[in-house]
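# Remarks on the overall topology
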Amino acid sequence: MEHPENSSEYAGLQVNSGVEQPSIVNPYLKRNRFRRRELSVDEMVEGIVKGDVTILSQAVTLIESVNPDHQAKAQEVINKCLPYSGRSVRIGISGVPGAGKSTSIDEFGIHLLKEKGGRLAVLAIDPSSERTKGSILGDKTRMEKLAVHPDSFIRPSPSAGSLGGVARKTRETIILCEAAGFDKIFVETVGVGQSETACHSMVDFFLLIQVAGTGDELQGIKRGIMEISDGIVINKCDGDNVDRCQMAATNFRNALHFFPMPESGWAPKVLCYSGFYGTGVKEVWDMIYEYFDFVKHNGYFDYRRNEQAKYWMYETINEQLRLNFYHRPLIKSQLTAAEEAVLAGRKTSFVAAQDLLDEYFKNL
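Residues numbered from 1 in each chain as written. Predicted model: local features only at pLDDT ≥ 70, side-chain atom pairs only at ≥ 80, totals over all residues. Heavy atoms only, no water.

## With respect to the overall build of the protein
Broken down by element type, the protein carries 14 helices and nine strands. The burial tally for the protein puts 43% of its 364 residues in the buried class. Within the protein, residue pairs in contact and separated by at least 24 positions form 74% of the contacts whose partners lie at least 6 positions apart. Taken as a whole, the protein presents about 20,700 Å² of accessible surface, with 54% of it coming from carbon and sulfur. (Helix = DSSP H or I, 4+ residues; strand = E, 2+ residues; numbered from the N terminus. Buried < 20%, exposed > 50% of the residue type's maximum accessible area, 1.4 Å probe, protein only. Contact = heavy atoms within 4.5 Å. Areas by Shrake-Rupley, 256 points an atom, 1.4 Å probe, with all protein chains shown as cover.)

## Here we look at unusual backbone geometry
One non-glycine residue with positive phi stands out, namely K236, at about 65°. Within the element layout of this structure, K236 appears in the loop between β8 (231–235) and α10 (242–256). Accessibility expressed as a relative area gives 37% for K236, which makes it partly exposed.

## Details of the pattern of salt bridges
For the structure on display, the rule yields 14 salt bridges. For D204, the salt bridge is made with R305, and the minimal N-O distance between the two is 2.8 Å. You can see D204 sitting in the loop between α8 (197–200) and β7 (205–211) and its partner R305 sitting in helix α12 (residues 300–327), a full 101 residues away along the chain. By relative accessible area, R305 is classed as buried at 14%. Ionic pairing is found between K362 and E359, a salt bridge with its closest N-O pair at 3.7 Å. One end of the pair is K362 and the other is E359, both in helix α14 (residues 349–362) and three residues apart, which spans about a single turn. (Salt bridge = Lys/Arg side-chain N within 4 Å of Asp/Glu carboxyl O.)

## With respect to helix α3 (residues 53–64)
Here α3 is twelve residues long and its end C-alpha atoms lie 16 Å apart, about the 16 Å a rise of 1.5 Å per residue gives. Buried residues of α3: I55, L56, A59, V60, L62 and I63, and no others. In an axial view of α3, the angular spread of the buried residues amounts to 155°, which keeps them on one side of the axis. For α3, the N-terminal capping position is held by D52, with its side-chain oxygen 2.9 Å away from the main-chain nitrogen of T54. (Expected span 1.5 Å × (residues − 1). Arc of directions from axis to C-beta. Polar contact = N/O pair within 3.5 Å; in protein donor to acceptor, adjacent residues only side chain to side chain.)

## Some thoughts on the side chain of R90
Considering the arrangement of structural elements, one finds R90 in strand β3 (residues 89–95). With a relative accessible area of 6%, R90 lands in the buried category. Excluding residues within four positions of it along the chain, R90 makes contact with R171, I174, E178, I185, M202, V203, D204, F205, R305 and Q308.

## Observations concerning the side chain of Q308
Examined against the element boundaries, Q308 turns out to sit in helix α12. A residue is classified by how much of its surface remains accessible, and Q308, at 4% relative accessible area, is buried. Discounting chain neighbours no more than four positions away, the residues touching Q308 are R90, H200, S201, M202 and V203.

## A look at the layout of surface pockets
Each pocket or cavity is described by its volume, and for the second largest pocket that value is around 660 Å³. Lining the second largest pocket are 25 residues, with H200, E227, I228, P262 and E263 positioned closest to its centre. For the lining of the second largest pocket, the secondary-structure elements that each account for two or more residues are α8, α9 (223–228), α10 and α12. The element best represented in the lining of the second largest pocket is α12, accounting for six residues. For the lining of the second largest pocket, the residue count by class is twelve nonpolar, seven polar and six charged. (1 Å grid on protein atoms, 1.4 Å probe; cavity = no way out; pocket = protein on both sides within 12 Å on 5 of 7 lines; lining within 4 Å. Points joined across faces, edges and corners; volume = space filled by probe spheres on them. Nonpolar A, V, L, I, M, F, W, Y, C, P; charged D, E, K, R; others polar.)

## So, the nonpolar core
Counting residues in each nonpolar core, the largest one holds 49 residues, and the members touching the most others are I48, L176 and I234. Among residues more than four places away in sequence, those in contact with L176 are I48, L56, A59, V60, I63, V77, I78 and C81. With 33 residues, the next largest nonpolar core counts L146, I154, I209 and V211 among its residues. (Core = buried A, V, L, I, M, F, W, Y, C linked by side-chain atoms within 4.5 Å.)

## With respect to a nonpolar patch on the surface
Taken together, the side chains of M313, Y314, I317 and L321 make up a nonpolar region of the molecular surface, amounting to roughly 400 Å² of accessible area. Assignment of secondary structure puts L321 in helix α12. (Patch = residues over 30% accessible without salt bridge, like charges linked within 9 Å, V, L, I, M, F, W, Y side chains within 5 Å.)

## Here we look at the pairing of β7
Counting buried positions over the seven residues of β7 gives seven, a clear majority of the element. Burial of the side chains of β7 extends over both faces: F205, L207, I209 and V211 are buried on one face and F206, L208 and Q210 on the other. Bridge count between β3 and β7: five bridges; the pairing is parallel. Counterpart to I93 in the pairing with β7 is L207. Of the strand pairs in this sheet, β7 and β8 are connected by five bridges, and their pairing is parallel. Residue pairing in the sheet places L207 in a bridge with G231 of β8. (Pairing = 2+ DSSP bridges.)

Encoded structure:
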């Protein structure tokens, strides 16, 4: 007969003087026992194509990882998802901090899902701290309706200091979201002002959100960002602020007359709306879909998609060259000496840089 102390019901218990006491279990071993099994590339692709948002989230995390092994696996996943992508409308949304981007996206998204159906992915880019490199990633808390909608997927990502306030891997994330069946993609930038070209190079329509009544309206008329905007909307047009919004819209329309006609042939429009109350949202979407009809009819839509693909090929080449340069052991060993020579005044910054580059190319 089996001794009672060896039976399964006594497992994990120690008997001491007739008193049962829980044994001390190594918490690390217990934690590892429940570790999630790592999915293979094929399993991950299959889950994404089926629309599994849990696996989609894991794949996006893999893309954002700086681990070389993760990067290699992520590229395999992206390549296998590529045939399922490209069938969505991509909309970039930017504006000054406090313009109400997240609240507006919540209203825009709910209206779009209600009127057009389908599925919506929101890629919200959060600014990263220059000191700690951390991000709050709290945009989802201001998208209360979309956060609980069954057909929406919200993914906040850190900007990590990349150009235009757009996370370095956002374009690859768009491909995965499209493969997962999301036919509408919003890319929300951090709203840094005049360096939004990275976002513009991955979306079909670039929407600029502005506010009125905050001082000199001309501060919002920045040539760089105005030239790449396909539509401008003035938020918070409600209550006592309606007249100020209408006046700001007039100023923007007048300013647009001084800019050359965009390559698409589309003349950007300026509208007013209230993201908080949801008024004027329908008119904003009417404008966006009017734009899509226009550019698809004249062929600019496909032309722009092709130009974007070419642009990101060259961006990837530049990025890989930069990483290869800085990860070379020879360059690593000489960087400190080059810095000291510049600080001591023995070399100019340009000469020091050229010497390092010459050394790099000589040893390729």
